[in-house]
There are 2 protein chains.
Amino acid sequence: MPVNLKPPDPKSLLPVKGVSLGVTEAGIRKADRKDLLVMKLETGARVAGVFTQNRFCAAPVTVARQHLSMLDPGASIRALVVNTGCANAGTGKEGVATARQTCNELARLIGCSAAQVLPFSTGVIMEPLPVEKIAAGLPACLAGLREDNWLAAAQAIMTTDTLPKATSRRLKVDGADVTVTGIAKGAGMIHPDMATLLGFVATDARLNLPLARALVARAAERSFNRITVDGDTSTNDSFMLIATGRADMPEVGDVKSAAFDALLDGVSAVAADLAQAIIRDGEGATKFITIRVEGGRKEVECRKVAYSIAHSPLVKTAFFASDPNLGRILAAVGYAGVPDLAVDRVELYLDDVLVAKNGGRSPGYREADGARVMKQSEITVRVLLNRGTAAATVWTCDLSHDYVTINAEYRT
Amino acid sequence: MPVNLKPPDPKSLLPVKGVSLGVTEAGIRKADRKDLLVMKLETGARVAGVFTQNRFCAAPVTVARQHLSMLDPGASIRALVVNTGCANAGTGKEGVATARQTCNELARLIGCSAAQVLPFSTGVIMEPLPVEKIAAGLPACLAGLREDNWLAAAQAIMTTDTLPKATSRRLKVDGADVTVTGIAKGAGMIHPDMATLLGFVATDARLNLPLARALVARAAERSFNRITVDGDTSTNDSFMLIATGRADMPEVGDVKSAAFDALLDGVSAVAADLAQAIIRDGEGATKFITIRVEGGRKEVECRKVAYSIAHSPLVKTAFFASDPNLGRILAAVGYAGVPDLAVDRVELYLDDVLVAKNGGRSPGYREADGARVMKQSEITVRVLLNRGTAAATVWTCDLSHDYVTINAEYRT
């Protein structure tokens, strides 16, 4: 059961002019489920993305990176194709060949070059991509293309997700109405190094390509790059921004403009909603945990401490048990690898309850207060390092029996 | 149920001349269990240790470090005192005071200075040490001191361990008979940065103090520092070497001597047995996994890859399920953070089965072979990086439902 997460209301998902979506049941791994998505873009869209830093990156990540970098200045990406059921990762040269075949086939059907198509895959690692099933499914995707098809698209990219993740926002940018709509998937193998498993955010805003690239990188840092389920960085992480430029506004061309800031805030908000939805639907999650580390010398040390807490199996099982065994959090702070950390200056809060200070339990702390907060389904852990002004936030979930069950039975 | 681990045979545990051990039921946390140990040393013993690198190190670690460094050249450590049930960690200044009180009380009883006593604690973090119960139990420990009491000592330091860990070896050093006997405890919060939760190895060998220090550090690198259950580095890790000097041999005084090598091999073998026993008895463990990474440029990168695999919850749950979902191992290799790792040169073996090469599944690999090895209770994962001559080995266990159960219920 996901933590305080509902299926998206179809009426809340706003079409983005210039993007149409079609899905089908291609039977890639299992029958009777949507497992193939085509996102078709009108000409002129700016597309930028960030990808996994895993050295064993999937073949589609390799091909998508190539296509983005080799695109002619005058050309634009015309389609994204996403399959679930097979990650096409750990598949060597053959995997790259099948990812290219997928692009070739879609390019032929819609009449563009293969480099104008970006491929994405998610599912089991080290199994060959059934490219013939994908090719067979593409015409049905194209026949069903619609601008108001975002919910079906979110459904078609799910693996162990229990709910589709999709959200929309309307922004004002330079006085113009701008729409931002995004979808994402992911529940396990979640510790994105550049982006989450798969996230796609589209907007009709007009901005040039360098700005699209800057925007997607910065939005990832505020959203997908700040979540973890299990510390396992996937081979397939990809977060793509599509800017169709169909909104009635001048092109944004300066990262220092108010328009860029407004767009960054809007895109980041959509991406953070999606990233948090992934945690709420994290494998076996029963609690949604926000870890906020403040008062560090640099942001990087705040992130280290936050991830040390977020990855500790002992901390995560204590959350699952609603057990205020909070010394485990101090232990995780202590081994986070922050040089010269003075532990007697560290303060630990659980929501508004001061748990520890001066290197030990706070004199005013009563276990009943800790127990009260631990019972909640949403908990904020706040650690004050008291040695600087930097801060960082990470979102995570607990470690439950269902996580073990799901991952011990994933392929069966 | 521990993995291929039996209780030590009391007859196999060899006394070490100059070390006597006494235990009692002090009622520190639970009634009717041995929870307090005194190891009394005759004068002249060399004692050296390595301790946790956790910044939130426990009060007894702080005090033991101080006592070892402030000891007069002519004096020697006369006793070690170990309690279970309370870690005395995350307890601030008060914790240091209670650790000192424990030393003072034992020093008074045996007639030495407090600096000649080393304190050790293990158990729950962030709870005050019940020093009055410890003081009340010390006379019973002293009344029961015996040289052949190693099994009772191993029992008295257990927490979530299901079996005591103790082992002995006889060595020939410079033609002399030398005995090495050790005990250890630990099952969770196991990812020692310098040593495991608690390990004590005694020998009657004669060696000077600088060599004892060198020996304990090197032996830790070959044993306790190469294991992980859950990646949680404890606040209390301590690995102590006691050399009583009672064997009939000249004092070892040179790290480049054959005698030092023989001692290092013997002490390391005892320490590795104990470290592996901790993994076999790891919380919820059903499998004992050896991870061997070869062909790295440096040992540190081999260790990075080995720990990345050993800490991956997805890899660990796959072992629990006996599921050859081995792409998860490739993913963990890929995100280990080895710069410029050429994944198409990586080879992955499961025992003698070649699973992956050239960046993907080996053409000759059959899933039935992987499934056969995954069913075993002892499995070796071998990763060849094929870019150098360095290697590293790490021992770990799987992640099971029982791990979650044990840690969700530890305090109740």
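Scroll up to find the structure this text is about.
Anyway, here's the lowdown on the structure attached to this text. (Residues numbered from 1 in each chain as written. Chains lettered and ligands numbered in written order. Predicted model: local features only at pLDDT ≥ 70, side-chain atom pairs only at ≥ 80, totals over all residues. Heavy atoms only, no water.)

### Digging into the relation of the copies chain B and chain A
Part 1 of the argument: With an RMSD of 0.0 Å, chain B superimposes on chain A once it is rotated by 180° and translated 0.0 Å along the axis. In symmetry terms, the pair is related by a two-fold rotation axis. When C-alpha positions in chain B are compared against the rotation axis, the closest is assigned to His401 of chain B, at 2.9 Å.
Part 2 of the argument: By residue overlap, the copies meet face to face through one surface: 100% of the interface positions of chain B are interface positions in chain A. (Least-squares fit on C-alpha atoms with pLDDT ≥ 70 in both. Contact = heavy atoms within 4.5 Å.)

### A closer look at helix H5 (residues 209–221) of chain B
Residues and elements named next belong to chain B.
Part 1 of the argument: Across its 13 residues, H5 extends 19 Å between first and last C-alpha, which sits within 8% of the 18 Å expected from 1.5 Å per residue.
Part 2 of the argument: The complete set of buried residues in H5 reads Leu211, Ala212, Ala214, Leu215, Val216, Ala219 and Ala220.
Part 3 of the argument: On its buried side, H5 packs onto strand E3 (46–51), strand E10 (238–243) and helix H6 (258–280).
Part 4 of the argument: The residue sitting at the N-terminus of H5 and contributing the capping side-chain oxygen is Asn208; that oxygen lies 3.0 Å from the backbone nitrogen of Leu211. (Helix = DSSP H or I, 4+ residues; strand = E, 2+ residues; numbered from the N terminus. Expected span 1.5 Å × (residues − 1). Buried < 20%, exposed > 50% of the residue type's maximum accessible area, 1.4 Å probe, protein only. Polar contact = N/O pair within 3.5 Å; in protein donor to acceptor, adjacent residues only side chain to side chain.)

### Some details on unusual backbone geometry
Residue and element names in this part refer to chain B.
Part 1 of the argument: Unusually for a residue other than glycine, Asn4 sits at a positive phi of about 50°.
Part 2 of the argument: Relative to the elements of secondary structure, Asn4 occurs in the segment before strand E1 (19–24).
Part 3 of the argument: Phi angles above zero are rare outside glycine, and Asp351 is one such case at about 50°.
Part 4 of the argument: Examined against the element boundaries, Asp351 turns out to sit in the loop between strand E12 (347–350) and strand E13 (353–357).

### Quick look at the interface of chain B and chain A
Part 1 of the argument: At the junction of the two partners, chain B supplies 57 residues and chain A supplies 57 residues.
Part 2 of the argument: In this assembly, chain B and chain A are joined by zero salt bridges.
Part 3 of the argument: The interface formed by chain B and chain A holds 13 residue pairs in polar contact (both at pLDDT 80 or more) in total.
Part 4 of the argument: Elements with a minimum of two residues in the side of chain B that touches chain A: helix H8 (313–321), helix H9 (327–334), E13, strand E14 (360–361) and helix H11 (401–408) of chain B.
Part 5 of the argument: Of the residues assigned to the side of chain B that touches chain A, the class counts are 27 nonpolar, 20 polar and ten charged. (Salt bridge = Lys/Arg side-chain N within 4 Å of Asp/Glu carboxyl O. Nonpolar A, V, L, I, M, F, W, Y, C, P; charged D, E, K, R; others polar.)

### Here we look at the sheet that holds E13 of chain B
All names here are of chain B.
Part 1 of the argument: Spatially, seven strands are ordered E9-E16-E11-E15-E12-E13-E14 in an open sheet, and the strand pairing comes out mixed. The sheet is open, and its two borders are formed by strand E9 (227–228) and E14, each paired with just one other strand.
Part 2 of the argument: Contacts between helix H7 (residues 299–311) and the sheet are confined to E9, strand E11 (288–296), strand E15 (378–384) and strand E16 (390–397), with E16 contributing the most and set at about 20° to the helix. (Pairing = 2+ DSSP bridges. Axes fitted to C-alpha atoms, helices over the stretch in contact; angles between N-to-C directions.)

### Quick look at the environment of Lys11 of chain B
Part 1 of the argument: Among the structural elements, Lys11 of chain B can be located in the segment before E1.
Part 2 of the argument: Taking the C-alpha atoms as reference points, Lys11 of chain B and Asp148 of chain B, 137 residues apart in sequence, are found 9.2 Å from one another.

### Some details on the packing of helix H7 (residues 299–311) of chain A against helix H9 (residues 327–334) of chain A
Any two packed helices are characterised by how steeply their axes cross, that is the angle between the axes, and by the distance between the axes.
Residues and elements named next belong to chain A.
Part 1 of the argument: Axis separation between H7 and H9 bottoms out at 8 Å; the angle between their running directions is 135°. Regarding the angle of H7 to H9, the classification is oblique. Considering how the two elements wind past one another, H7 and H9 form a crossing that is right-handed. In this structure, H7 uses Val305, Ser308 and Ile309 to contact H9, whose residues at the interface are Ile329, Ala332 and Val333.
Part 2 of the argument: When its residues are assigned to classes, the contact of H7 with H9 shows five nonpolar, one polar and no charged. (Parallel < 35°, antiparallel > 145°, perpendicular 65-115°, else oblique. Left-handed = near helix turned anticlockwise from the far one by under 90°.)

### Considerations on the pairing of strand E8 (residues 198–203) of chain A
All names here are of chain A.
Part 1 of the argument: Of all the six residues making up E8, six are buried; the element is thus mostly covered by neighbouring parts of the structure.
Part 2 of the argument: Judged by which residues are buried, E8 turns out to be covered on both faces: Leu198, Phe200 and Ala202 on one side and Gly199, Val201 and Thr203 on the other are all buried.
Part 3 of the argument: As paired elements, strand E7 (residues 176–185) and E8 share six bridges and run antiparallel to each other. Looking at the pairing, Ala184 lines up with Gly199 of E8.

Just distances and angles here, no functional claims.
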